[in-house]
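The residues making up each chain are set out below.
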Amino acid sequence: MNFEAIQHIPMSQQAHGIDPNHVVFRLRTGRDDLKHCKLFYADRACRLTPVIFSSVEMQVEAQDEWFDYFQVILESPYKRICYYFELDDGTQKLLYYGDFFTDHRVDDRSEYYQLPFNHPADIAAPPAWAQDAVVYNIFPDSFATGRRFISGKSSEKEWNGQITRGKLGGTLCGVIENLDYIQELGATCIYLNPIFAAGEYHKYDLLDYHHIDPCFGTDEDFRQLVNDCHARGMRVIVDGVFNHVGWNFFAFDDVVRNGENSKYKNWFYHLQFPVERPEDPETYPTYECFGYERMMPKTNTCNPEVQEYFCEVGRYWVREFDIDGWRLDVASEINDGFWRAFRQAVKEEKPECILIGEVWETAQHWLNGDIFDSTMNYDFRKHCRRFFAEQSIDAAEFDARVTNMRMRYKLPVLYAQLNLLDSHDVSRFYSLCEKDPARMQLAVLFQMTFIGIPSVFYGDERGIYGLQEAESRHEMTWSQEPPALADFYKKAMHLRTEHPALCRGSYHTIKAEKKNGLYGYERTDGKEKITVFLNNQSAAAEISPINGKMLWQPCPYGVCRIHTGGVKRERDDSGSGRSCGCVQGNRQQGAA
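Residues numbered from 1 in each chain as written. Predicted model: local features only at pLDDT ≥ 70, side-chain atom pairs only at ≥ 80, totals over all residues. Heavy atoms only, no water.

### Here's the deal with the sheet that holds strand β6 (residues 67-75)
Moving on, step 1. Read across the sheet, four strands follow the order β1-β2-β6-β5 without closing on themselves; strand pairing throughout is antiparallel. Single-partner strands in this sheet number two, and they are β1 (15-19) and β5 (59-63). Neighbouring strand axes in the sheet, compared pairwise and without regard to direction, differ in orientation by 30° on average.
Moving on, step 2. In the sheet, β5 pairs with β6 via four bridges, with the strands oriented antiparallel. Along β6, the bridge assignment pairs Gln59 with Gln71.
Moving on, step 3. Against the sheet, helix α9 (residues 395-407) makes contact with β2 (22-30), β5 and β6, and its axis sits at roughly 120° relative to β5, the strand it touches most. (Pairing = 2+ DSSP bridges. Helix = DSSP H or I, 4+ residues; strand = E, 2+ residues; numbered from the N terminus. Axes fitted to C-alpha atoms, helices over the stretch in contact; angles between N-to-C directions. Contact = heavy atoms within 4.5 Å.)

See the structure below:
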């Protein structure tokens, strides 16, 4: 038995309630090391000594190169649970509890692993609508001025004595006039990058948190946008920038003018008086900033005044405009206490309002149910880049990375992760694919059939590409005929929304081998099982016959054929290999 590989952490993603009556238990072991693993559980408040244990067989939920991950979702009659694991490698049986291995039980129930109380308040519970959502991420300046049109013209507007700028002419009215396009594409939710009054076109240097930037329109334009979205059954998420402000924001301006006498001096970090705004962009400012960006001084969110100011901003846009969520900028650099207060403030106004943190790294810390409902899953992009765009890893390594994404989080928040291929902060994924539609389409098909919320950056469906910021934030290509990629996106997004198993179902890998690009998996929700195969290689691939209906077999180059022995990937007439995918589903026995 590989003792070094075995791991269980109580009160974590490896032991957590998902509702008052169900608890997820996980145990990590060495790959292919155990033949069987059982969970033994009991009422830790049982009046008998020793307590009476029941048992349930655990199953291998996922694997990576080194480990198996056993899991069971226990329907428990107990709110207070003590538990242990029975490990069987075929030659030896051991019990595992309290981080020790033994061959016997003890009478003292406190020595076992403990779930002290499955408290409803401690259950991570993202809004129910989130796992069914398909998000369309709009960078407002770049999207639309009117119906299927963007001017491409810069603009300047005056706001309380300050100048705000636009670069490409996008407006909120432009978004309103293209909601039909977004909905027909298959999106059920829009996420808007910053729209509040700010200096530069990107609007991350805030001037006023209570009004729409005049380059984008008016507060009433935004109210109409939200109302029109809701009338269509769509949700609206906006960007909240609370880590920093613009250097002309009223509080920082007061600090510059009044120095140590400013009543706002404690709203900011590490001020050196007199505070000056350096003209040279290469000069390091004498105050803490976002990175070293001199125009974005960092706020002191530990200060109760700052906390209350921004919590009221959070409440205001929910209360007055009925927004459905906040995407929270630079979330990992803000103290936990602020985020807990912000969560309480927003959820008091609208419990179903989603909070999505911008966290580029592993995000367990923020996803225990008391801070965020979701985070931007940049690891999803990273792994898709390696497998689909660069083709630098095989299916086995890709699945190992997928397993890591799945096992690191509590089950409810896994279904609410915002899975993106690109955003305003990174290169376009189509560029990483070297503008190869086949590689892009495989990545999109995976995005639309994986666990979590797919997020499409505006124009990805129209083949916008670019490695640098100026290119990746390119104006929407309304004047150009949409490429075949747009139809692919539409079919893939509708495939997801039409099949609940793709939104809410379990995930099980069925094919992922070393030195091979064929990747297969199943999504199952009890009523339907959907099987997906992605052949990310030039070589032909054979799969075994699958009972059920072929839902979709996208073959942009006409080189896929259905054979009696399964789906075969063939070369085209030129002999150059192309990647392809297929999706097949069937109703499960006993399903309504």
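### Topic: helix α7 (residues 336-349)
Moving on, step 1. With 14 residues, α7 extends 20 Å from end C-alpha to end C-alpha; this agrees with the ideal 20 Å at 1.5 Å per step.
Moving on, step 2. Buried residues of α7: Asp336, Phe338, Trp339, Ala341, Phe342, Arg343, Ala345, Val346 and Lys347, and no others.
Moving on, step 3. Residues of α7 that are buried make contact with α6 (304-321), β20 (325-328) and β21 (354-357). (Expected span 1.5 Å × (residues − 1). Buried < 20%, exposed > 50% of the residue type's maximum accessible area, 1.4 Å probe, protein only.)

### Observations concerning the environment of Pro50
Moving on, step 1. Within the element layout of this structure, Pro50 appears in the loop between β3 (36-43) and β4 (54-57).
Moving on, step 2. For Pro50, a relative accessible area of 43% corresponds to the partly exposed category.

### Some points on the packing of α6 against α7
Moving on, step 1. As a packed pair, α6 and α7 sit with axes 9 Å apart at the nearest point and diverge in direction by 30°. It follows that α6 is roughly parallel to α7 by the angle criterion. Judged by the sense of rotation from one axis to the other, the crossing of α6 with α7 is right-handed. Of the residues in α7, those in contact with Gln307, Phe310, Cys311, Gly314, Arg315, Val318 and Arg319 of α6 are Gly337, Phe338, Ala341, Phe342, Ala345, Val346 and Glu349.
Moving on, step 2. In terms of residue class, the contact of α6 with α7 is made up of eight nonpolar, three polar and three charged. (Parallel < 35°, antiparallel > 145°, perpendicular 65-115°, else oblique. Left-handed = near helix turned anticlockwise from the far one by under 90°. Nonpolar A, V, L, I, M, F, W, Y, C, P; charged D, E, K, R; others polar.)

### Side note on the nonpolar core
Moving on, step 1. Judged by nonpolar contacts, the single largest core of 148 residues is most densely connected at Tyr136, Phe222, Phe242, Trp326 and Phe446.
Moving on, step 2. Sort the elements by how many residues they give to this core and α6 lands first, with nine residues.
Moving on, step 3. Leu27, Tyr84, Phe85 and Tyr112 belong to the second-largest nonpolar core, a separate cluster that totals 31 residues. (Core = buried A, V, L, I, M, F, W, Y, C linked by side-chain atoms within 4.5 Å.)

### Here we look at the sheet that holds strand β17 (residues 235-240)
Hydrogen bonds along the backbone pair up the strands of a sheet, which may run parallel or antiparallel.
Moving on, step 1. Strand order in the closed barrel formed by eight strands is β11-β14-β17-β20-β21-β22-β23-β24, and the pairing between neighbours is parallel. Ignoring which end each strand starts from, the neighbouring axes of this sheet average 25° apart.
Moving on, step 2. The sheet contact formed by β21 and strand β22 (residues 374-377) spans two bridges and is parallel. When the bridges of β22 are listed, Ile356 appears paired with Ser374.

### A look at the environment of Asp122
Moving on, step 1. Looking at where Asp122 falls in the secondary structure, it is placed in the loop between β10 (113-115) and β11 (135-138).
Moving on, step 2. For Asp122, a relative accessible area of 51% translates into the label exposed.
Moving on, step 3. Residues Asp122 and Gln553 lie 431 residues apart in sequence; the distance between their C-alpha atoms is 43 Å.

### Section: the layout of surface pockets
Over the atoms a probe the size of a water molecule is rolled, and this reveals where empty space is left.
Moving on, step 1. Approximately 490 Å³ is the volume found for the largest pocket.
Moving on, step 2. Lining of the largest pocket is provided by 24 residues; of these, Arg31, Gln63, Asp64, Ala396 and Asp399 occupy positions nearest its centre.
Moving on, step 3. Among the elements of the structure, β5, α9 and β25 (506-512) are those that each provide at least two residues to the lining of the largest pocket.
Moving on, step 4. Looking at the lining of the largest pocket, the element that brings in the most residues is α9, giving eight residues. (1 Å grid on protein atoms, 1.4 Å probe; cavity = no way out; pocket = protein on both sides within 12 Å on 5 of 7 lines; lining within 4 Å. Points joined across faces, edges and corners; volume = space filled by probe spheres on them.)

### Re helix α5 (residues 250-258)
Moving on, step 1. Looking only at α5, the buried set comprises Ala251, Phe252, Asp253, Asp254 and Val255.
Moving on, step 2. Turning to α5, the residues buried within the fold contact β19 (293-297).
Moving on, step 3. Gly259 sits one or two positions beyond α5 and adopts a positive phi of about 60°.

### Considerations on the confidence of the model for the protein
If pLDDT is low for a region, its predicted coordinates should not be looked at in detail.
Moving on, step 1. Across the protein, the average pLDDT comes to 93, with 94% of residues at 70 or higher.
Moving on, step 2. Confidence drops under pLDDT 50 across residues 556-577; counting only partners more than four residues distant or on other chains, this segment forms 56 contacts. (pLDDT = per-residue confidence, 0-100.)

### Description of the side chain of Asp68
Moving on, step 1. Residue position: Asp68 is located in strand β6.
Moving on, step 2. Salt bridges are absent for the buried Asp68, whose nearest opposite-charge side chain, Arg31, sits at 4.9 Å.
Moving on, step 3. Separated by 2.8 Å, the side chains of Asp68 and Gln63 make a polar contact.
Moving on, step 4. Ignoring anything within four residues of it in the chain, the contact list for Asp68 reads Leu27, Arg28, Thr29, Gly30, Arg31, Asp32, Asp33, Val60, Ala62 and Gln63. (Lys, Arg positive; Asp, Glu negative; His and termini not counted. Salt bridge = Lys/Arg side-chain N within 4 Å of Asp/Glu carboxyl O. Polar contact = N/O pair within 3.5 Å; in protein donor to acceptor, adjacent residues only side chain to side chain.)

### Observations regarding unusual backbone geometry
Moving on, step 1. Each neighbour pair has its own omega, and for Thr49 with Pro50 the value is 0°, a cis peptide bond.
Moving on, step 2. Omega for the bond connecting Phe273 with Pro274 falls within 30 degrees of zero, at -5°, which places this linkage in the cis form.
Moving on, step 3. Relative to the elements of secondary structure, Pro274 occurs in the loop between α5 and β18 (289-290).
Moving on, step 4. Here the phi dihedral of His270 falls at roughly 50°; this positive angle occurs in a residue that is not glycine.
Moving on, step 5. Along the chain, His270 falls in the loop between α5 and β18.

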